Number of protein chains: 2
Amino acid sequence: MDGKRDNQRAPNVVIVGGGFGGLVAARKLAHSPVRVTLIDRKNHHTFQPLLYQVATAGLSPGEIAAPIRWIVRGRNVEVLLGEVQDFDLERRMVKLSDVAIPYDYLVVAAGASHAYFGHDEWEPLAPGLKTIEDAIEIRRRVLLAFELAERFAAGGEGQVQLNFVVVGGGPTGVELAGTLAEIARRVLADEFHAIDPKRTRIILLEGGPRVLPAYPEDLSRSAEEQLRQLGVEVRTSTLVTGVEPSAVLMGTARLSAAVILWAAGVAASPLGKRLGAPVDRAGRVLVNPDLSLPGHPEVFVIGDLASLKDRNGKLLPGVAPVAIQQGKATARNIARDLSGEPRKDFHYLDKGSLATIGRAAAVAQFGQLHISGFIAWLSWLFVHIFFLIGFRNRLMVLIQWAWSYFTYERGARLITGDTQLPSWPELQGEEAKVHERAS
Amino acid sequence: MDGKRDNQRAPNVVIVGGGFGGLVAARKLAHSPVRVTLIDRKNHHTFQPLLYQVATAGLSPGEIAAPIRWIVRGRNVEVLLGEVQDFDLERRMVKLSDVAIPYDYLVVAAGASHAYFGHDEWEPLAPGLKTIEDAIEIRRRVLLAFELAERFAAGGEGQVQLNFVVVGGGPTGVELAGTLAEIARRVLADEFHAIDPKRTRIILLEGGPRVLPAYPEDLSRSAEEQLRQLGVEVRTSTLVTGVEPSAVLMGTARLSAAVILWAAGVAASPLGKRLGAPVDRAGRVLVNPDLSLPGHPEVFVIGDLASLKDRNGKLLPGVAPVAIQQGKATARNIARDLSGEPRKDFHYLDKGSLATIGRAAAVAQFGQLHISGFIAWLSWLFVHIFFLIGFRNRLMVLIQWAWSYFTYERGARLITGDTQLPSWPELQGEEAKVHERAS
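Undergrad: Tell me about the overall build of chain A, and please be specific about residues and values.
TA: In terms of regular secondary structure, chain A is built from 10 helices and 27 strands. Its C-alpha radius of gyration of 23 Å places chain A within 12% of the 22 Å reference for a compact globule of 439 residues. In terms of overall dimensions, chain A has a C-alpha envelope of 85 × 50 × 45 Å along the principal axes. Counting every position in chain A, which comprises 439 residues, the buried fraction comes to 60%. A total accessible area of about 17,700 Å² is found for chain A, and carbon and sulfur atoms account for 51% of it. Considering chain A, the positive charge centre built from 49 side chains and the negative charge centre built from 47 side chains are found 5 Å apart.

Undergrad: Give a detailed account of the side chain of Thr356(A), specifying residues and quantitative values.
TA: As for its placement among the helices and strands, Thr356(A) is situated in strand 24 (residues 353-358). Discounting chain neighbours no more than four positions away, the residues touching Thr356(A) are Tyr52(A), Val174(A), Glu175(A), Ala361(A), Ala362(A), Trp377(A) and Trp380(A).

Undergrad: Describe the confidence of the model for chain A, and please don't skip the residues or the numbers.
TA: Residues and elements named next belong to chain A. Averaged over all residues, the pLDDT of chain A is 89; the fraction at 70 or higher stands at 93%. The model gives residues 1-7 a pLDDT under 50, and that stretch makes 6 contacts with residues more than four places away or in other chains. Within the model, pLDDT remains below 50 along residues 422-439, and this stretch shows 41 contacts once partners closer than five positions in the same chain are excluded. Interface confidence for the predicted complex, given as ipTM, is 0.85, next to a pTM of 0.89.

Undergrad: So what's going on with the packing of helix 9 (residues 374-387) of chain B against helix 10 (residues 391-407) of chain B? Which residues, and what values?
TA: All names here are of chain B. At a closest axis distance of 9 Å, the pairing of helix 9 and helix 10 adopts a crossing angle of 155 degrees. One element, helix 9, and the other, helix 10, form an angle in the roughly antiparallel class. Counting all contacts with helix 9, which are made through Phe374, Trp377, Trp380, Leu381, Ile385 and Phe386, the residues of helix 10 involved are Arg394, Val397, Leu398, Trp401 and Tyr405. Here the residues of the contact of helix 9 with helix 10 are counted per class, giving 10 nonpolar, no polar and 1 charged.

Undergrad: Could you give an account of the interface of chain A and chain B, naming the residues involved and the relevant values?
TA: Contact residues are listed per partner, giving 53 residues for chain A and 53 residues for chain B. Between chain A and chain B lies a buried interface of about 5,000 Å² when both sides are counted; carbon and sulfur atoms form 58% of it. When the buried area of chain A at its contact with chain B is split by residue, Arg69(A), Arg151(A) and Arg392(A) rank highest and sum to 15% of it. At the surface where chain A touches chain B, the tally comes to 4 salt bridges. Arg151(A) is the partner of Asp98(B) in a salt bridge, and the nearest nitrogen-oxygen pair spans 2.8 Å. Those elements that provide at least two residues to the side of chain A that touches chain B are helix 3 (61-64), strand 4 (65-67), helix 4 (68-71), strand 5 (77-81), helix 5 (132-157) and helix 10 (391-407) of chain A. The biggest single contributor to the side of chain A that touches chain B is helix 5 of chain A, with 10 residues.

Undergrad: How would you sum up the sheet that holds strand 24 (residues 353-358) of chain B? Please name residues and give values.
TA: Residue and element names in this part refer to chain B. Read across the open sheet, the 3 strands follow the order 24-25-26; overall the sheet is antiparallel. One side of each edge strand has no neighbouring strand; the edge strands of this open sheet are strand 24 and strand 26 (369-372). Adjacent strand axes in the sheet meet at a mean angle of 5 degrees, parallel and antiparallel pairs treated alike. Two elements, strand 24 and strand 25 (residues 361-366), share 5 bridges in a ladder whose sense is antiparallel. Considered in strand 25, the bridge of Ser353 is made with Gln365. Its contacts with the sheet put helix 9 on strand 24, strand 25 and strand 26, and the angle it makes with strand 24 is roughly 110 degrees.

Undergrad: Which residues make up the relation of the copies chain A and chain B, and what values go with them?
TA: Expressed as a screw transformation, the operator carrying chain A onto chain B has a rotation angle of 180 degrees and an axial translation of 0.0 Å, and the superposed copies differ by an RMSD of 0.0 Å. One copy is carried onto the other by what is essentially a two-fold rotation axis. A high fraction, 100%, of the interface residues of chain A reappear at the interface in chain B, so the copies pair face to face through one surface.

Undergrad: Account for a nonpolar patch on the surface, with residues named and values stated.
TA: Together, Val383(A), Phe386(A) and Phe387(A) make up an exposed nonpolar region whose accessible area comes to about 310 Å². Position of Phe387(A) among the secondary structure elements: in helix 9 (residues 374-387).

Undergrad: Before we move on, can you summarise the packing of aromatic side chains with the specific residues and values?
TA: Applying the stated rule across the entire model yields 20 aromatic pairs over all chains. Aromatic pair Phe146(B) and Phe164(B): ring centres 5.4 Å apart, planes at 80 degrees, arrangement edge-to-face. Of this pair, Phe146(B) sits in helix 5 (residues 132-157) while Phe164(B) sits in strand 12 (residues 163-167); the two residues are 18 residues apart in sequence, bridging distant segments of the chain. Through a chain of ring-to-ring contacts, three or more aromatic side chains come together here, namely Tyr116(A), Phe117(A), Trp122(A) and Trp262(A). Above the plane of the ring of Phe192(B) lies Arg69(A), whose end atom (NZ or CZ) is 3.8 Å from the centre.

Undergrad: Provide a residue-level description of the sheet that holds strand 2 (residues 35-40) of chain A, including the pertinent values.
TA: All names here are of chain A. An order of 5-2-1-9-22-21 is seen for the 6 strands of this open sheet, with the pairing classed as mixed. Among the strands making up the open sheet, the edge pair consists of strand 5 and strand 21 (292-293). Pairing geometry for strand 2 and strand 5, over 5 bridges, is parallel. Bridged to Ile39 within strand 5 is Leu80. Along the sheet, helix 8 (residues 320-338) makes contact with strand 1 (12-16), strand 9 (105-108) and strand 22 (296-301), crossing strand 9 at roughly 170 degrees.

Undergrad: Account for the pattern of salt bridges, naming residues and giving values.
TA: All names here are of chain B. Per the counting criterion, the structure on display carries 34 salt bridges over all chains. In this structure, the salt-bridge partner of Glu133 is Lys42, at a minimum N-O distance of 3.1 Å. Note that Glu133 is positioned in helix 5 and Lys42 in the loop between strand 2 (35-40) and strand 3 (44-46), a separation of 91 residues in sequence. The exposure class of Lys42 is partly exposed, given its relative accessible area of 21%. One salt bridge in this structure joins Glu224 and Arg228, with 2.3 Å as the shortest N-O distance. One end of the pair, Glu224, and the other, Arg228, are both in helix 7 (residues 217-230), 4 residues apart, so they sit about a helical turn from each other.

Undergrad: Before we move on, can you summarise the side chain of Gln161(B) with the specific residues and values?
TA: Along the chain, Gln161(B) turns up in the loop between strand 11 (159-160) and strand 12. A polar atom in the side chain of Gln161(B) sits 3.2 Å from the side chain of Asn163(B).

Undergrad: So what's going on with the nonpolar core? Which residues, and what values?
TA: Core analysis: the biggest nonpolar cluster contains 127 residues, and Phe87(A), Phe146(B) and Trp401(B) have the highest contact counts within it. Residues Ile64(A), Ala223(A), Ile357(A) and Ile385(A) belong to the second largest nonpolar core, which totals 70 residues.

Undergrad: Go over the pairing of strand 12 (residues 163-167) of chain A with me, naming the residues and quoting the values.
TA: Remember that side chains alternate between the two faces of the sheet whenever the strand is regular. All names here are of chain A. Across the 5 residues that make up strand 12, a large majority, 5, are buried. As defined by bridge partners, strand 12 adjoins strand 13 (residues 201-205) across 5 bridges and the pair is classed as parallel. Paired with Val166 across the two strands is Leu204, which belongs to strand 13. Of the pairings in the sheet, the one linking strand 12 to strand 18 (residues 259-262) comprises 4 bridges and is parallel in character. If you follow Val167 over to strand 18, its bridge partner there is Trp262.

Undergrad: Describe in detail helix 7 (residues 217-230) of chain A, supporting the description with residues and values.
TA: All names here are of chain A. Taking 1.5 Å per residue as the helical rise, helix 7 with its 14 residues ought to reach 20 Å, and the 20 Å between its terminal C-alpha atoms agrees with that figure. If you check which residues of helix 7 are buried, you get Leu219, Ser220, Ser222, Ala223, Glu224, Gln226, Leu227 and Leu230. Remark: Gly231 follows helix 7 within two positions and exhibits a positive phi of approximately 105 degrees.

Calculation rules
- Residues numbered from 1 in each chain as written.
- Chains lettered and ligands numbered in written order.
- Predicted model: local features only at pLDDT ≥ 70, side-chain atom pairs only at ≥ 80, totals over all residues.
- Heavy atoms only, no water.
- Helix = DSSP H or I, 4+ residues; strand = E, 2+ residues; numbered from the N terminus.
- Rg over C-alpha atoms; globule rule 2.2 N^0.38 Å.
- Buried < 20%, exposed > 50% of the residue type's maximum accessible area, 1.4 Å probe, protein only.
- Areas by Shrake-Rupley, 256 points an atom, 1.4 Å probe, with all protein chains shown as cover.
- Lys, Arg positive; Asp, Glu negative; His and termini not counted.
- Charge placed at Lys NZ, Arg CZ, Asp CG, Glu CD.
- Contact = heavy atoms within 4.5 Å.
- pLDDT = per-residue confidence, 0-100.
- Axes fitted to C-alpha atoms, helices over the stretch in contact; angles between N-to-C directions.
- Parallel < 35°, antiparallel > 145°, perpendicular 65-115°, else oblique.
- Nonpolar A, V, L, I, M, F, W, Y, C, P; charged D, E, K, R; others polar.
- Buried area = accessible area lost by both parts, 1.4 Å probe.
- Salt bridge = Lys/Arg side-chain N within 4 Å of Asp/Glu carboxyl O.
- Pairing = 2+ DSSP bridges.
- Least-squares fit on C-alpha atoms with pLDDT ≥ 70 in both.
- Patch = residues over 30% accessible without salt bridge, like charges linked within 9 Å, V, L, I, M, F, W, Y side chains within 5 Å.
- Phe/Tyr/Trp six-rings, centres within 6.5 Å; stacked < 30°, edge-to-face > 60°.
- Lys NZ or Arg CZ within 6 Å of the ring centre and 35° of its normal.
- Polar contact = N/O pair within 3.5 Å; in protein donor to acceptor, adjacent residues only side chain to side chain.
- Core = buried A, V, L, I, M, F, W, Y, C linked by side-chain atoms within 4.5 Å.
- Expected span 1.5 Å × (residues − 1).

Okay, structure coming up:
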């Protein structure tokens, strides 16, 4: 790299994070004369676009996640399970709790997590959806709400009103709300004796004037209409001002809720701040046009953790295609360094956007082409299955999907872990009771 | 039932436990003029014979478990999620934490759990395998052991000796040990850079003189030979006298272990003792020949919780076929009561026994016919896939199996939850170190 090094020793590239950006960078770099070390705090890559399917019991965790070690098997990539604590940019070291890993190049692709607008105390009351563990917890809460309502009703307590509240009308909030409505109205409809799952209200709260704010207005309108057809109550221009056990506050209004899901805010990984460079309001690192860290050409920041404006002056969104293209671009720039070529700036090629809403419901934008409904949903389905990692996973997911499309069954309806909802007793209050069962 | 009742009111049959026995009883009773309430503390039925596949990352939890509510859908069966605390046999009530459910007939099929020979403090150190949660925890420990060994080795610490110790040489111990050997020697062999997974030792400890003690001697010998071929060290007549974090004690001998799995003892559900009838040493209820509770013809105890000797004077084993046949027999006896016919005693029809050991390795006994190896394994495979509940599950499991048979991949290698092994630091001790990596 710098000519002085022993040419026996290939440069170390350390990649932090096994999401889309980090994984693509690692796979691309395997063709270059470097040693790659990929560090992640999980042993698996999670295909985040399908996480909502795990949260809503359509897919099993193992179908949308694959061991990072297996994905990069047979390549020049060392995988380490560990949580990065800090960086030493002077000595060029990545610090884990017990070891420090030296690097020549560092690619930080640590992603993002939920943000609660400064109210971290809301997190246990209203979980977000970023990891497999989050998805399992949401699935547990949703299924448990029906089970506990059934038990109370069977004990002669009458049917409590089950409200599921989703906070945030972006793609994650929309797909969660749409799928929950399908579960309540179709999947579980005939399996309960004492309660009627169809009475469940699914309420989507969005602070701005329309759902899917990053999409064109006509697609937002279409998405809202498709949500309503699925049975979701959409409330736009509605700001959540507080979260309590089993209730959401909006100013002076109070909405009781058996389950509250958070899809409203995103905060970049706290690792961004450890790099010492300026970050934006969401904690994203302001990177150079080649995605390198200001003052540190040997350090790159990519994916949801990077803040970069595109040619048109718009901030690049935190979506998989951006991270994937940035991972590739970074691998290429490192290869250019090694072969003495100049680096190239990163430019995002927008191939379109897809957001799913529910069964046969979606919106899609490909340049000037805006589509809605079944065709958009089919496009979404095939794009996502195509990009899912591992042939076996693709096959399994396709079978699951076909199966549940025709039967309305959801195959992964397991409640694991605790079967008590700490916040549940609230729901027994008088105000939440719908009727007494005729006994 | 007793003539005095209002014939508008069908008798309530309450079934406690949604395992094989309880589920079969519920399905059979759906054809009788009764109301059935099935209570389980999980929302899903677990296909226990394949639990070891979840523990060893071959199958996902959702593939061997199905919601009880879904299994009995469309039938005259009310399903309640809840943990039974006690019974009131006089008032004929089943008590949950918050409600009491009245019954006319009670079927207790609460199953069994692990027994640690009076040393419950060993349980967190050496988990057993009875639930989906147990299987996920075992999978976490096994995969994490390799990951942490890799991290230490990558940090220049050398390769620690990974020992996996399985305590108990019954069917569960044998299949766990055989499959762990396959994982270490084949599945993970090429995915690690700093350690060699093939150096992992899998040690199976059995207190008696042979593995699979319930099988004929020739099949025990064959099973032991097949285990050795898979790379398992089998130590028979070896009593475990203590379990420590990361070590098993056998008298004065001490065997260090990264993971310890417990497959040695079974204890019946504590609910057995709440029925007030005599129990055997393992806590199983001594039932009448028609499976009813002595003194309470309206209460039946079936499956692993029941203690009954067969015609030949042998205690019936705690296996799925016994529970299934007892569930059917109990449903028939309740139907006979209702139509005024006399009850029939239960007799077990032994159709054979199958125990799997690993890939293409198994033993089977069908009466006088004893078979081993590939044919036994194929029989085991088809019997188990055939009895797996739900067509979708059968299809998915068959695909998974075919896939991993030909590729040696295991699709469900997720570590979820905590990525720290509390007992791990023990392994860094000098004695456990194999070699220092040439750096």
